[in-house]
Amino acid sequence: MELKNKSLFKQECFIGGKWVKSLNNDTIQVDNPATLKSIGNVPKCGKAETKNAIEAANDAFLNWKNKTAKERSIILKQWQDLIIKNVDDLAHIMTVEQGKPLAESKGEILMGASYIEFYAEEVKRVYGDIIPDPLPDRRIVVIKQPVGVVGAITPWNFPSTMITRKCAPALGVGCPVVIKPASQTPFSALALAVLAEEAGFPPGVFNVLTGSASEIGKELTENPIVKKISFTGSTEVGKILLKQSASTVKKVSMELGGHAPFIVFEDADIDEAVSGAIMSKFRNSGQTCICANRLFVHEKVYEEFLEKFVKKVAEIKVGNGLEESTNSGPLIDQYSLEKVKDHVQDAVKTGAKIAIGGDIHKLGGNFYQPTVLSNVTNKAKITYEETFGPVAPIYKFSSDTEVINLANDTPYGLASYFYARDIGKIWKVAEALEYGIVSVNTGLPTKAEIPFGGVKESGLGREGSRYGLDDYLEIKYISMAGI
């Protein structure tokens, strides 16, 4: 790692304010997805280490929750400042372990810092209520209190923002956190822990565990000390965590799989729609939960859109994310590459045509060509399964009713996109789409101020915005009589 601040690269876990190895000294090797070379090793922790982290968080809870919102806000702001100060090093770490281009990594770090900034201010506005009582000698008071120890399980595709988006509101309202980052990208999380310690979070308030996902996840979900689980990842794993969390009736936030439609109506600005589709589909090499997975284009503008879209895709420069000219990196691993290959081959077998790409990139390894498929049929796997790669399948449609039905024909409901100019149509379609996020005439809807989350099998709860505080708070009703 070529870092200015070499202390950011840690190969130990952070528990109770101390940097520690696993109890049996087992480790997990972390590889660079672009070069396939080892970056380093992190502890392979399990149930025992997770218990230690939970107990450390619980020991810190009383003092942390009793600090004022302003005191916690000051520490959050110091954490934000340190992240911005170290943005180049943090971006370098992320690119080396995750693969995304440096510009995208830097954008993610700054986005993550924006969540901290937002919640450093918002936690000062956690208000209660005084409700009029029908009896004259009584008063009804409602207050909000921190739920307690929070377990946060985060994915590899956004290894920084997924942590800050979960932890900033939790920490801000007084909840200590135990974080389990993905084993493919643990170093970004550990670097954030270095800066959290420097910012002044007391020992036990911020903990990071690497290791066995099944063991750590099971202990976090079933340990009664943990009062809240926040998870971002696949729907399959989310369902397992939900079942395990049910044993202690925890609060849960689940941001799960997506299968986003991207609709281009007849009256759309085609150039803007092409730009939005490029941004949505190929950011992070298509490895985002909210990226466009199915592109529906009205038959009257289909050929124009396809031609312009393919030209833009041809301009995408694939390579190692550390190279300045790169704007699309590798897939995270061989499993992901094989899934992309399978989806493309299956689509072609069922009638689709390859407009561009369609094969492993000449760089080999985990690199796949940015791909556009035209004339895709409903028989293809890609129509119903999330690809998580740089492949854009395009479908024709002829009516509003038809495309709304096609867009909603999925168990997922995270993000959706459409381009149109008619204001009546915009309202009609936005209300008809069964998604937690509807993005109109833009391919990048994410901001700290918005309530991020899905419906159906895409999850529960919301992260970001003022609504993101709710899942880390308990509402307490106090009845006062004899007044």
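Residues numbered from 1 in each chain as written. Predicted model: local features only at pLDDT ≥ 70, side-chain atom pairs only at ≥ 80, totals over all residues. Heavy atoms only, no water.

A. The arrangement of the overall build of the protein in detail. Within the protein, the secondary structure is distributed over 13 helices and 22 strands. Its C-alpha atoms give the protein a radius of gyration of 23 Å, near enough to 23 Å, the size a compact globule of 483 residues would have. Principal-axis analysis of the C-alpha atoms places the extent of the protein at approximately 70 × 60 × 40 Å. Per-residue burial over the protein gives 57% buried out of 483 residues. Restricting to contacts in the protein with at least 6 residues of sequence separation, those with at least 24 account for 73%. With the model as given, the accessible surface of the protein reaches about 19,600 Å², and the carbon-plus-sulfur share is 52%. With 56 positive and 58 negative side-chain charges, the protein shows a spacing of 3 Å between the two charge centroids. (Helix = DSSP H or I, 4+ residues; strand = E, 2+ residues; numbered from the N terminus. Rg over C-alpha atoms; globule rule 2.2 N^0.38 Å. Buried < 20%, exposed > 50% of the residue type's maximum accessible area, 1.4 Å probe, protein only. Contact = heavy atoms within 4.5 Å. Areas by Shrake-Rupley, 256 points an atom, 1.4 Å probe, with all protein chains shown as cover. Lys, Arg positive; Asp, Glu negative; His and termini not counted. Charge placed at Lys NZ, Arg CZ, Asp CG, Glu CD.)

B. Spotlight on the pairing of strand β13 (residues 292-298). Burial runs high along β13: seven of the seven residues are buried. What joins strand β12 (residues 260-264) to β13 is helix α9 (residues 270-282), and the crossover it makes is right-handed. (Right-handed = clockwise from strand over helix to strand, strands pointing away.)

C. Spatial organisation of the packing of aromatic side chains. The tally for this structure, following the rule as stated, stands at 15 aromatic pairs. Ring centres of Trp 156 and Phe 388 lie 5.7 Å apart, and the angle between their planes is 90°; this geometry places the pair in the edge-to-face category. Of this pair, Trp 156 sits in the loop between β7 (149-153) and α5 (161-173) while Phe 388 sits in the loop between β15 (371-374) and β16 (391-397), and the two are 232 residues apart along the sequence. The burial state of Trp 156 is the same as that of Phe 388; both residues are buried. An aromatic cluster is defined as three or more aromatic residues linked by ring pairs; in this entry it consists of Trp 64, Trp 79, Phe 201 and Phe 206. In this structure, Lys 396 packs its charged tip against the face of Tyr 302, placed 5.0 Å from the ring centre. (Phe/Tyr/Trp six-rings, centres within 6.5 Å; stacked < 30°, edge-to-face > 60°. Lys NZ or Arg CZ within 6 Å of the ring centre and 35° of its normal.)

D. Highlighting the sheet that holds strand β5 (residues 129-131). Taken together, the three strands give an open sheet; going across it, the order is β5-β6-β22, and neighbouring strands pair in antiparallel fashion. Both outer strands of the open sheet, β5 and β22 (473-480), are each paired with one neighbouring strand and no more. With strand direction ignored, the average angle separating the axes of adjacent strands in the sheet is 25°. (Pairing = 2+ DSSP bridges. Axes fitted to C-alpha atoms, helices over the stretch in contact; angles between N-to-C directions.)

E. Focus on helix α7 (residues 213-222). Of the positions making up α7, those classed as buried are Ile 216, Gly 217, Glu 219, Leu 220 and Thr 221. Tucked inside the fold, the buried residues of α7 contact α1 (47-66), β7, β8 (177-180), β10 (226-232) and α8 (235-246).

F. Inspection of the nonpolar core at higher detail. By size, the foremost hydrophobic cluster in this structure holds 59 residues, and its most contacted members are Trp 79, Ile 83, Leu 171, Phe 201 and Phe 206. For this core, the leading source of residues is helix α6 (residues 186-199), giving 10 residues. Every residue in contact with Ile 83, bar those within four places of it in the chain, is listed here: Leu 90, Ile 109, Ala 113, Ile 116, Leu 192 and Leu 195. Ala 182, Cys 289, Phe 367 and Ala 415 belong to the second largest nonpolar core, which has 39 residues in total. (Core = buried A, V, L, I, M, F, W, Y, C linked by side-chain atoms within 4.5 Å.)

G. Looking closely at α8. The first and last C-alpha atoms of α8 sit 16 Å apart over 12 residues, in line with the 16 Å expected at 1.5 Å per residue. For α8, the set of buried residues is Thr 235, Gly 238, Leu 241, Gln 244 and Ser 245. Lining the buried residues of α8 we find β7, α7, β10, β11 (251-255) and β17 (412-413). (Expected span 1.5 Å × (residues − 1).)

H. Quick peek at unusual backbone geometry. The phi dihedral of Val 249 is positive, around 50°, even though this residue is not glycine. With a relative accessible area of 72%, Val 249 lands in the exposed category.

I. Examining the sheet that holds strand β14 (residues 353-356) more closely. Taken in spatial order, the seven strands of this open sheet run β14-β15-β16-β13-β12-β18-β19, and their pairing is mixed. Strand pairing shows two members of the sheet lacking a second neighbour, β14 and β19 (437-440), which therefore form its edges. Put simply, the sheet's adjacent strands are angled 25° from each other on average, direction ignored. Of the strand pairs in this sheet, β13 and β16 are connected by four bridges, and their pairing is parallel. Its bridge partner being in β16, Leu 295 is matched across the sheet by Ile 394.

J. Spatial organisation of the packing of helix α4 (residues 102-122) against α5. Running from N to C, α4 and α5 point in directions that differ by 5°, and their axes come no closer than 8 Å. Relative to α5, the element α4 is oriented roughly parallel. The residues of α5 that touch α4, namely those facing Glu 108, Met 111, Gly 112, Tyr 115, Ile 116 and Tyr 119, are Thr 161, Thr 164, Arg 165, Ala 168 and Pro 169. Split by residue class, the contact of α4 with α5 holds six nonpolar, three polar and two charged. (Parallel < 35°, antiparallel > 145°, perpendicular 65-115°, else oblique. Nonpolar A, V, L, I, M, F, W, Y, C, P; charged D, E, K, R; others polar.)

K. Layout of the pairing of β10. Along β10, six of the seven residues are buried, which leaves the element largely enclosed by surrounding structure. Across five bridges, β7 lies against β10 in parallel orientation. Counted as the bridge partner of Val 150 is Lys 228 from β10.

L. A look at the environment of Asp 471. Within the secondary structure, Asp 471 is located in the loop between β21 (459-460) and β22. Judged by relative accessible area, which is 17%, Asp 471 ranks as buried. The sequence separation of Asp 471 and Ile 229 amounts to 242 residues, and the corresponding C-alpha distance is 9.5 Å. When neighbours within four sequence positions are excluded, Asp 471 is seen to be in contact with Val 147, Lys 228, Lys 251, Val 252, Ser 253, Gly 461 and Arg 462. Looking at Asp 471, its side chain comes within polar contact range of the side chain of Ser 253, at 2.8 Å. (Polar contact = N/O pair within 3.5 Å; in protein donor to acceptor, adjacent residues only side chain to side chain.)

M. Up close: the pattern of salt bridges. Following the criterion strictly, the structure yields 20 salt bridges and no others. Here the salt bridges share partners, and the residues they tie into one network are Arg 165, Lys 166, Glu 255 and Glu 463. (Salt bridge = Lys/Arg side-chain N within 4 Å of Asp/Glu carboxyl O.)

N. Region of the structure containing the packing of helix α3 (residues 87-98) against α6. Viewed as axis vectors pointing N to C, α3 and α6 meet at an angle of 160°, and their least axial separation amounts to 8 Å. The pairing of α3 with α6 is recorded here as roughly antiparallel in orientation. Facing α3, whose interface residues are Leu 90, Ile 93, Met 94 and Glu 97, α6 presents Pro 186, Phe 187, Ser 188, Ala 191 and Leu 195. Split into classes, the residues belonging to the contact of α3 with α6 amount to seven nonpolar, one polar and one charged.

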